[in-house]
Amino acid sequence: VRPLGTQTLTIKYVLPFKLAKASPLPVLYQKQPGTAGINYTVRVNGGDQMKFQLFTDQEFNIDHP
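Residues numbered from 1 in each chain as written. Predicted model: local features only at pLDDT ≥ 70, side-chain atom pairs only at ≥ 80, totals over all residues. Heavy atoms only, no water.

Colleague: What's the story with a nonpolar patch on the surface in this structure? I'm lost.
Modeller: Taken together, the side chains of Leu9, Ile11 and Tyr13 make up a nonpolar region of the molecular surface, amounting to roughly 440 Å² of accessible area. Following the sequence through the fold, Ile11 ends up in the segment before strand 1 (25–29). Relative accessible area serves as the criterion here: at 67%, Ile11 is assigned to the exposed category. (Patch = residues over 30% accessible without salt bridge, like charges linked within 9 Å, V, L, I, M, F, W, Y side chains within 5 Å. Areas by Shrake-Rupley, 256 points an atom, 1.4 Å probe, with all protein chains shown as cover. Salt bridge = Lys/Arg side-chain N within 4 Å of Asp/Glu carboxyl O. Helix = DSSP H or I, 4+ residues; strand = E, 2+ residues; numbered from the N terminus. Buried < 20%, exposed > 50% of the residue type's maximum accessible area, 1.4 Å probe, protein only.)

Right, here's the structure in full:
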């Protein structure tokens, strides 16, 4: 990606185990050094679940159906 450019990254992942119903999945987002406030959109099964700017490492819980 060129400096100050943007890019979309799509990750498809199947868990190697089953989660109990209504059990959230903890996910750690780590900030890359030298970047400032990258915009993220998290989609689960095609639907937006959260949008945020990442200024520091953060852990979020992702809800699943």
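Colleague: Honestly, the packing of aromatic side chains in this entry has me stumped. Any pointers?
Modeller: How two aromatic rings sit relative to each other is given by the distance of their centres and the angle of their planes. In this structure the tally under the stated criterion is five aromatic pairs. When the ring of Tyr29 is compared with that of Phe52, the centres are 5.2 Å apart and the planes differ by 75 degrees; the resulting orientation is edge-to-face. One end of the pair, Tyr29, is in strand 1; the other, Phe52, is in strand 3 (residues 47–54), with 23 residues separating them in the sequence. Owing to a relative accessible area of 12%, Phe52 belongs among the buried residues under this scheme. Note on Phe52 and Phe60: the rings are 4.6 Å apart at their centroids and 40 degrees apart in plane angle, and the pair reads as tilted. Assessed through its relative accessible area of 18%, Phe60 is described here as buried. An aromatic cluster of at least three residues, connected via ring pairs, comprises Tyr29, Tyr40, Phe52 and Phe60. (Phe/Tyr/Trp six-rings, centres within 6.5 Å; stacked < 30°, edge-to-face > 60°.)

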